[in-house]
Amino acid sequence: MESLLLKEVKEKRMDPKQYGMFVDNMRLKHGKNQLYGTNIEFSRELMKEMPPMIDSIETTNKVRKEIGLDTLKEG
């Protein structure tokens with residue numbers, strides 16, 4: 001499904017943010033970190049919103065640029 005939707009984003013028939021949220025939601029449901037960093041996470045321990053859990057800011061910003069999203073700032 002991800003590859004089909006990516007094609008729609010590249011053809012400008014799907015909003016990149018919606019695509020990123022879909023991918024990130026699926027990754028979170030499977031216990032993985034976000035790829036696009038589109039979802040704010042909530043820490044129950046600290047009772048506050050936290051930055052998205054991603055593997056690498058460089059990788060995230062690279063894939064965000066590829067689909068037309070702005071880059072994230074570190075932290």
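Reading the values: the criteria
- Residues numbered from 1 in each chain as written.
- Predicted model: local features only at pLDDT ≥ 70, side-chain atom pairs only at ≥ 80, totals over all residues.
- Heavy atoms only, no water.
- Helix = DSSP H or I, 4+ residues; strand = E, 2+ residues; numbered from the N terminus.
- Buried < 20%, exposed > 50% of the residue type's maximum accessible area, 1.4 Å probe, protein only.
- Contact = heavy atoms within 4.5 Å.
- Core = buried A, V, L, I, M, F, W, Y, C linked by side-chain atoms within 4.5 Å.
- Lys, Arg positive; Asp, Glu negative; His and termini not counted.
- Salt bridge = Lys/Arg side-chain N within 4 Å of Asp/Glu carboxyl O.
- Polar contact = N/O pair within 3.5 Å; in protein donor to acceptor, adjacent residues only side chain to side chain.
- Phe/Tyr/Trp six-rings, centres within 6.5 Å; stacked < 30°, edge-to-face > 60°.

**Here we look at the environment of proline 52**
If you trace the backbone, proline 52 turns up in the loop between β2 (48–50) and α3 (57–67). Assessed through its relative accessible area of 23%, proline 52 is described here as partly exposed. Proline 52 sits 14 residues away from threonine 38 along the chain, and the two C-alpha atoms are 7.2 Å apart. When sequence neighbours within four positions are dropped, the list of residues in contact with proline 52 reads Gln34, Gly37, Asn39 and Glu41.

**Let's talk about the nonpolar core**
The biggest cluster of nonpolar side chains holds 10 residues, and these are Leu5, Val9, Met14, Tyr19, Val23, Leu35, Tyr36, Val63, Ile67 and Leu69. Elements represented by at least two residues in this core include exactly α1 (2–10), α2 (16–29) and α3. Those residues in contact with valine 9 that lie beyond four places of it in its chain are Met14, Asp15, Pro16, Tyr19 and Ile67.

**Quick notes on the side chain of aspartate 24**
In this fold, aspartate 24 is placed in helix α2. Although aspartate 24 is buried, it forms no salt bridge, and the closest oppositely charged side chain is arginine 27 at an N-O distance of 5.1 Å. Side-chain polar atoms of aspartate 24 contact the backbone nitrogen of tyrosine 36, separated by 2.9 Å. Residues in contact with aspartate 24, not counting those within four places in the same chain, are Gln34, Leu35, Tyr36, Gly37, Thr38 and Asn39.

**Points about the pattern of salt bridges**
Evaluation of the coordinates by the stated rule reveals 3 salt bridges. Close ionic contact of glutamate 8 with arginine 13 constitutes a salt bridge, the shortest N to O distance being 2.8 Å. Judged by relative accessible area, which is 25%, glutamate 8 ranks as partly exposed. The closest approach of N and O atoms between arginine 27 and aspartate 55, which form a salt bridge, is 4.0 Å. Here the residue arginine 27 occupies a position in helix α2, and aspartate 55 occupies one in the loop between β2 and α3, the gap between them amounting to 28 residues. With a relative accessible area of 22%, arginine 27 lands in the partly exposed category.

**Concerning the packing of aromatic side chains**
Evaluated as defined, the whole model comprises 1 aromatic pair. On the basis of an interplanar angle of 70° and a centroid distance of 5.7 Å, the ring pair of tyrosine 19 and tyrosine 36 is categorised as edge-to-face. Of this pair, tyrosine 19 sits in helix α2 while tyrosine 36 sits in the loop between α2 and β1 (41–43), and the two are 17 residues apart along the sequence. Owing to a relative accessible area of 1%, tyrosine 19 belongs among the buried residues under this scheme. Exposure remark for tyrosine 36: the relative accessible area of 5% places this residue in the buried category.

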